[in-house]
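Chains, contacts and geometry: an overview
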Amino acid sequence: MSLDKSVATFEEAVSDIPDGASIMIGGFGGAGGMPHRLMVALVAQGARELTIIGNTAGIAAPTGFGWPDGETPIDHAILIENGQIAKVIASFPVSGSVSRPNAFELAFQRGEIELEVVPQGTLAERIRAGGAGIPAFYTPTGAGTDLGVGKESRVFDGRETVLELGMRADFALIRAHKSDPIGNLIYSGTSRSFNMPMATAADVTIAEVDEIVEPGGIDAERVDTPSIYVDRVVARNSGE
Amino acid sequence: MSLDKSVATFEEAVSDIPDGASIMIGGFGGAGGMPHRLMVALVAQGARELTIIGNTAGIAAPTGFGWPDGETPIDHAILIENGQIAKVIASFPVSGSVSRPNAFELAFQRGEIELEVVPQGTLAERIRAGGAGIPAFYTPTGAGTDLGVGKESRVFDGRETVLELGMRADFALIRAHKSDPIGNLIYSGTSRSFNMPMATAADVTIAEVDEIVEPGGIDAERVDTPSIYVDRVVARNSGE
Amino acid sequence: MSMPNDPAPRLEREIIAMRVAKEFQDGDVVNLGIGIPTLCSDFVPPGVQLMYHSESGVLNCGPLAEEGKGDVDLINAGGQFLKPVRGMSFFDSAEAFAMIRGRHIDITVLGSLQVSATGDMANWFLPSRGVGNVGGAMDLAVGAKCVIAAMEHNDRTGASKILQECTYPLTSQGCVSLIVTDIAVFNVDKRGLELVEVAPGWLPENISDVTDAEFEIASDVKEFELL
Amino acid sequence: MSMPNDPAPRLEREIIAMRVAKEFQDGDVVNLGIGIPTLCSDFVPPGVQLMYHSESGVLNCGPLAEEGKGDVDLINAGGQFLKPVRGMSFFDSAEAFAMIRGRHIDITVLGSLQVSATGDMANWFLPSRGVGNVGGAMDLAVGAKCVIAAMEHNDRTGASKILQECTYPLTSQGCVSLIVTDIAVFNVDKRGLELVEVAPGWLPENISDVTDAEFEIASDVKEFELL
C-alpha cells in the first residue's frame, strides 16, 4: 500500500471482493454508522456466498430501528435479498418484532442462510482480539447458556467462563465521519460502535466517509482510528 | 460516589491508600504522562509495603529519559528511596545504562524489593483485560522465553502462546491533561500510554490533571477516558 | 395484564418503573434495557444523580430527543434518538462492553421472559420463534454489579414468568438479585426467592397462586414502597 | 569495533542503517528500535514513504525535535522528543501493542545482543547484570511481519553475536529474517543462515572466522548493496 489511500468511487473500493469472502460490516443497527454506499456497491458488484459479520443482519426495514421517520432504511437486507449471503455472524440478527420479520429471518426460516449468534460484547471483544493479535480469551459472558455449549469452560476466581476465539475477516466495510488521505478516521457520536474494532481486524479495511480532508486536516489528538488500520477511504462527497 | 469527583488537594486524593496496597502508576517513563504530584503526596502520606505497577520503576533520574535538559526528574524513585515499595511489576524497571543504576536497581540488588518483569505489550493488555472483565487471554509474546516459564502454553494456528491473567490494582494514579468535574479525561500526545488502560483497572482511579474545566467543557467526541472509570480528579492549578 | 382471580388490579408499568427507581443510589452508573426499564429514568428520586450508560456507545447520556429532532449518530441501544447533553462521552462497542463486563455498571434493569427461583434469567430466545436477538443481554446480566428484573408477573397466557427453573434458554445463571413485577417484589439469591413487597390489595397467598416458584415470605412483607 | 585479524575496516553504524533502509518498501509501517535502528530513518530510499510507529503511542511520527524544543508529551520509545508532524495520531499503550501484536507493523529493526542460526533473538537481558528491561522487545519480535536485526557482528570482547544457539535469555524464537552487521548480511530462516553480502574487503571465510555459527554462502554473494 502507498500512503494515499483515497479511492475515487464506491464501486472501485469493493471491486476485488471475491465470492466466499468474509466481510465485517460496521455500525450498530441504525442509519448512523453504517456503510450504506459500500453495501449498495457490493450489491452491484455481486460477490456471492459471503459471510457477513455485524451487530445485526439488517433489522431496520421492519421497525425503523435508528432511522428517522419517513426515510427508507438501507442495510444488510439488500445483500440478503440479492442472495449474496451464505452465513451471518451477529448478536442481533432479527427484527425486534416477531410479527415483522426482516429479510434475514425469512431467508433463515427457508434454510438459505447459516447463523452464528454471538453476544454483543463477546462479538466486539472477539473482533478487537482478532485485530490485536490475541488468539483467544476467557469471558464469563455466555457461560452456562446455550451459547456456551461446545466451548471450553474454565473457572477463574470462582466464576465460570468460556473460551472465545479472536475473529478476523477478509474485508471490513466501515463508516466514519472524516478521513485524511492516509486514513486517519474520526467518527460522529454513537457511530463508533463496531466500526472501530472492525477497522483493526480485517485484511482489507475500507472506510466510507463523509469527506476526505487535506493532509493534516485531522487533529492528531482527535483521531479515533489511526491510519495504520485503514487500507482504502472513499468519500460520499467525491466527484463521482 | 457522587458525580462531582473533584478533590481539593493531592494530599486528600491519596489519603486513604493503606499499607500493602497495589497501585498502578501511569505514564511511559518521561516527564509527560506521569502523576508527579500524586507521587509526591504519596511519599508524604507514607503508606508502606506497596506493590507498584507501571511501565518503568523510575528510570529518569540516571539518564534523563524523557525529561528536558536541566529539569530534575521526579518518578517512582522517590517512593523507592523512601522505603515504601515491597514489589515492582514493570516492563522497563532499570536504567538504560548499566553504569548508572536507578534507585530501583540498587534496592533490588540489596534484596529489598521483589520484581516481576512483564513484556510491555503484555502488561498493557493484562491491565486492559483487568478493566474489561477478561480474566485471562493467550498471547504469543513471551512464549519460549524465560518470561513464559511457568505459564500455561498453548498452540493456536501453529503458533505457541502463553496464558496471561488480567491485572487489577487497588488504586491507579494517573495523569491527564484536563478533566471535567464528573471525570471525563483528555490527554496530551504520548501521555496516554499506560494512563488510559490503568484508569479502567483499579478499584479507585485518581487522576492528576492540569485543569478541571466547567461541566460540559470537554467535547464528548474528544473524551479519551470516559468518566465511568474515574473516581477522583485533582488539578495542578487548584487553589491549594 | 390481569387474570380472572386477581384480588386487586395489577400495577401499571410506570409503577413498576417507579419502584425499581427507588433502588438507585446517588452516583450510580445505570444501564436500562428496552421496555419497562427505560421508564425508570422518569422516576429517579430527588437528589439522586445517575450516569446512564448505553451499549450503543454513549455514557452519561440524556433523555430521548424531541420528535423529529433526532440525530442518527446519537442513539440508544433500542435505536431511539437521544438528546445531546453536556458531560456525555462516546466510545466503540469493545469499550462499551469492557465497561459492562469489567463491572463498571452499578445497576442494570432488564425485562425478562422468565426468572428462576435462584435468579437465572431467560430473556433472549423465545423457542417458538426459533431465532433470537441476544444483543447485550448476556453481557449485562453477567457484568453489572446488580441486575434487576422488571417485568409483568405473568405472560399473556397467564403463565408465571417466575419459575422454579427457567424453561427457555438462559441469558445467565443466578444473576438477578431483585425482581419487580406488577404485583410483587422479590429479593433473590442462590438460596431462593423472598417476597418482600406486594401490590395494594394483594396478599402473599394471592402471589403464590400465580407464581410457579416457591418463595419465602419476609417477616416484614409490606405494600409496594414507592417513596 | 575492529579485531586484530580483520582483513578490512568494519562499516560504520550509518552504513549498517543505510543497508537496512534498503529493505523498506513504499507504504511500510516501520518501528525502529533504539541505537543503530533509529539511524535508518536518515537513509530511506527516494520515493519510499513510510509510516513510523512508536510504542510510546504515536503513529506516523516524524524526526527528533530540535535541541531544546522538546515537548514532554511527544516522545518516542527511547524517551527522545519528537517534532510534531501532520498526519500523526496518538493512542494508549494497549492500542500501541494491539498494533504490534496484531501484525499491523510491516518491519521492525532491532538491535540485539545475540542472534542464533535459526533466528532466535536475545536482546533484553544481560546475565551479568541480573536484571533487564524487556520493554516492547518481545512484542515487536513476535508481532512485526518482518524482524531485522541490526547490530555489530562481534561484541566488545570480540565474541560473536551470531551464534549457533543464543546463550542469553531469549526475546523470541525464530523471529529474525534478516541480520545486518558491520561486516555481513544474512538471510535467516528455520533452516539456518545464508550469507548474502559482505563488507568491502571481506571474504566469506573472513566472516566465518569471526562467527560462531554455521552458515551457507549464497551462490551470488556480493559486496554490501547500498543503492
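For chain C, the helix and strand inventory stands at 5 helices and 13 strands. Computed over C-alpha atoms, the radius of gyration of chain C comes to 17 Å, within 12% of the 17 Å expected from 2.2 N^0.38 for 227 residues, which places it in the range of a compact globule. For chain C, the spread of C-alpha atoms along the principal axes amounts to about 50 × 40 × 35 Å. Here chain C holds 227 residues, and 60% of them are scored as buried. Contacts in chain C between residues at least 24 apart in sequence constitute 62% of all its contacts with a sequence separation of at least 6.

Before going further, it helps to spend a moment on the overall build of chain A. Secondary structure assignment for chain A yields 7 helices and 13 strands. For 240 residues, the compact-globule estimate of 2.2 N^0.38 gives 18 Å, and the C-alpha radius of gyration of chain A, at 18 Å, lies within 12% of that figure. By its C-alpha atoms, chain A is 55 × 40 × 35 Å across when sized along the principal axes. Counting all 240 residues of chain A, 65% fall into the buried class. In chain A, 79% of the contacts between residues at least 6 apart in sequence involve partners at least 24 apart. Element-wise, carbon and sulfur atoms account for 47% of the exposed surface of chain A, whose accessible area totals about 7,700 Å². Across chain A, 18 positive and 32 negative side-chain charges occur, with their mean positions spaced 3 Å apart.

Attention now moves to the interface of chain A and chain C. Each partner contributes residues to the interface: chain A has 49 residues there, and chain C has 39 residues. A salt bridge links C:Arg129 to A:Glu105; the shortest N-O distance between them is 2.7 Å. Summed over the shared surface of chain A and chain C, the number is 19 residue pairs in polar contact (both at pLDDT 80 or more). Among the elements that line the side of chain A that touches chain C, the one with the most residues is helix α6 (residues 120-132) of chain A, at 6 residues. The residue makeup of the side of chain A that touches chain C, split by class, is 21 nonpolar, 21 polar and 7 charged.

On to the pairing of strand β11 (residues 202-209) of chain A. Along a regular strand, successive side chains alternate from one face of the sheet to the other. Residues and elements named next belong to chain A. Where burial is concerned, most of β11 is hidden: 7 out of the 8 residues are buried. Summarising the sheet, strand β8 (residues 169-175) and β11 pair through 6 bridges and their orientation is parallel. Bridge assignment links Leu 173 to a residue of β11, and that residue is Ile 206. Examined bridge by bridge, β11 and strand β13 (residues 232-235) share 4 bridges and lie parallel to one another. Across the sheet, Glu 208 pairs through a bridge with Val 234, a residue of β13.

Right, let's talk about the pattern of salt bridges for a bit. If you walk through the whole model with that rule in mind, you get 50 salt bridges over all chains. Measuring nitrogen to oxygen at the nearest pair gives 3.6 Å for the salt bridge that ties B:Glu221 to A:Arg222. With one member in each of two chains, B:Glu221 in the loop between β12 (211-212) and β13 (232-235) and A:Arg222 in the loop between β12 (211-212) and β13 form a pair that bridges those chains. The two residues B:Glu221 and A:Arg222 agree in class, both being buried. In this structure, C:Asp106 engages C:Lys145 in a salt bridge whose closest nitrogen and oxygen atoms are separated by 3.4 Å. In this pair, C:Asp106 is assigned in the loop between α3 (93-101) and β5 (107-110) and C:Lys145 in the loop between α4 (137-143) and β8 (146-150), connecting sequence segments 39 residues apart. A single salt-bridge network, built from bridges that share partners, covers A:Lys87, A:Glu114, A:Glu116 and A:Arg126.

Each turn of an α-helix holds 3.6 residues, which means side chains three or four residues apart point in the same direction. Residues and elements named next belong to chain A. For α6, which comprises 13 residues, the first-to-last C-alpha distance of 18 Å matches the rise-based estimate of 18 Å (1.5 Å per residue) to within 8%. Judged by how many residues are buried, α6 sits mostly within the fold: 13 of 13 residues are covered. The first or second residue beyond α6 is Gly 133, which carries a positive phi of 75°.

Residues and elements named next belong to chain D. Within the open sheet, the 10 strands sit side by side as β4-β3-β2-β1-β5-β8-β10-β11-β12-β13. Their pairing is mixed. With partners counted over all chains shown, the strands left at the sheet margins are β4 (89-90) and β13 (215-223), one partner each. Bridge analysis of strand β5 (residues 107-110) against strand β8 (residues 146-150) gives 4 bridges, and the strand direction is parallel. Looking across to β8, one finds that Thr 108 is bridged to Val 147.

Formed by 206 residues in total, the largest nonpolar core has its most connected members in C:Phe24, C:Ile179 and D:Phe24. Excluding residues that lie within four positions of it along the chain, D:Phe24 makes contacts with D:Val30, D:Leu32, D:Cys40, D:Val44, D:Val48, D:Leu50, D:Ile107 and D:Val109. Membership of the second largest hydrophobic core comes to 41 residues, among which are A:Phe10, A:Ala21, A:Ala77 and A:Leu115.

A few words now on the environment of B:Gly133. Along the chain, B:Gly133 falls in the loop between α6 (120-132) and β5 (136-139). Along the sequence, B:Gly133 and B:Pro215 sit 82 residues apart, while their C-alpha atoms lie 30 Å from each other. Those residues in contact with B:Gly133, other than ones at most four positions away along the chain, are A:Pro140, C:Arg101 and C:Gly102.

Take the interface of chain A and chain B next. With 23 residues of chain A in contact, the opposing surface of chain B contributes 23 residues. Carbon and sulfur atoms supply 49% of the area buried between chain A and chain B, which totals about 1,700 Å² over both sides. Scanning the region where chain A abuts chain B turns up 8 salt bridges. With a shortest N-O distance of 2.4 Å, A:Arg154 and B:Glu152 are connected by a salt bridge.

Residue and element names in this part refer to chain B. Look at Glu 49: it is not a glycine, yet its phi comes out positive at around 55°. Taking the relative accessible area as the measure of exposure, Glu 49 reaches 55% and is therefore exposed. For Asp 157, which is not glycine, the phi dihedral falls at a positive 50°. With respect to the element layout, Asp 157 can be found in the loop between β6 (153-156) and β7 (159-165).

Okay, the relation of the copies chain A and chain B next. Note on the copies: chain A fits chain B at an RMSD of 0.0 Å, the axial shift is 0.0 Å, and the rotation between them is 180°. In symmetry terms, the pair is related by a two-fold rotation axis. Proximity to the rotation axis, assessed at the C-alpha, singles out A:Phe137 in chain A; its C-alpha lies 2.0 Å from the axis. Here 100% of the contact residues of chain A are again contact residues in chain B; the copies associate through an equivalent surface.

This next bit is on the side chain of B:Ser227. Assignment of secondary structure puts B:Ser227 in the loop between β12 and β13. For B:Ser227, a relative accessible area of 0% corresponds to the buried category. In contact with B:Ser227, not counting residues within four places along its chain, are B:Lys5, B:Ile182, B:Gly183, B:Asn184, C:Met51 and C:Leu59.

Where α6(A) meets helix α3 (residues 93-101) of chain D, the closest approach of the two axes is 7 Å, and the angle between their N-to-C directions is 65°. Packed against α6(A), whose contacting residues are A:Arg128, A:Gly131 and A:Ala132, the element α3(D) presents D:Ala94, D:Ala98 and D:Arg101 at the interface. Along the lines of polarity and charge, the residues of the contact of α6(A) with α3(D) split into 3 nonpolar, 1 polar and 2 charged.

This brings us to the sheet that holds strand β2 (residues 50-56) of chain B. All names here are of chain B. Taken in spatial order, the 7 strands of this open sheet run β4-β3-β2-β1-β8-β11-β13, and their pairing is parallel. Of all strands in the sheet, those bounded by a partner on one side alone are β4 (114-117) and β13. When strand polarity is set aside, the average angle formed by the axes of neighbouring strands in this sheet is 20°. On top of the sheet, helix α2 (residues 36-45) reaches β1 (22-25), β2, β8 (169-175), β11 (202-209) and β13; it is set at about 115° to β11, its chief contact.

To continue, consider the packing of aromatic side chains. Per the counting criterion, the structure on display carries 13 aromatic pairs over all chains. Considering the side-chain rings of A:Phe28 and A:Phe65, the 6.4 Å spacing of their centres and the 25° angle between planes classify their relative orientation as stacked. Taken as a pair, A:Phe28 in the loop between β1 (22-25) and α2 (36-45) and A:Phe65 in the loop between α3 (60-63) and α4 (77-81) lie far apart in primary sequence, 37 residues in all. The two residues A:Phe28 and A:Phe65 agree in class, both being buried. Ring plane angle 40° and centroid distance 6.4 Å describe the contact between B:Phe65 and B:Phe92, whose orientation is recorded as tilted. Here B:Phe65, found in the loop between α3 (60-63) and α4 (77-81), pairs with B:Phe92, found in strand β3 (residues 85-92); they are 27 residues apart in sequence, far enough to count as distant. An aromatic cluster of three or more residues is present, and its members are A:Tyr138, A:Phe156, B:Tyr138 and B:Phe156.

About the thresholds
- Residues numbered from 1 in each chain as written.
- Chains lettered and ligands numbered in written order.
- Predicted model: local features only at pLDDT ≥ 70, side-chain atom pairs only at ≥ 80, totals over all residues.
- Heavy atoms only, no water.
- Helix = DSSP H or I, 4+ residues; strand = E, 2+ residues; numbered from the N terminus.
- Rg over C-alpha atoms; globule rule 2.2 N^0.38 Å.
- Buried < 20%, exposed > 50% of the residue type's maximum accessible area, 1.4 Å probe, protein only.
- Contact = heavy atoms within 4.5 Å.
- Areas by Shrake-Rupley, 256 points an atom, 1.4 Å probe, with all protein chains shown as cover.
- Lys, Arg positive; Asp, Glu negative; His and termini not counted.
- Charge placed at Lys NZ, Arg CZ, Asp CG, Glu CD.
- Salt bridge = Lys/Arg side-chain N within 4 Å of Asp/Glu carboxyl O.
- Polar contact = N/O pair within 3.5 Å; in protein donor to acceptor, adjacent residues only side chain to side chain.
- Nonpolar A, V, L, I, M, F, W, Y, C, P; charged D, E, K, R; others polar.
- Pairing = 2+ DSSP bridges.
- Expected span 1.5 Å × (residues − 1).
- Core = buried A, V, L, I, M, F, W, Y, C linked by side-chain atoms within 4.5 Å.
- Buried area = accessible area lost by both parts, 1.4 Å probe.
- Least-squares fit on C-alpha atoms with pLDDT ≥ 70 in both.
- Axes fitted to C-alpha atoms, helices over the stretch in contact; angles between N-to-C directions.
- Phe/Tyr/Trp six-rings, centres within 6.5 Å; stacked < 30°, edge-to-face > 60°.

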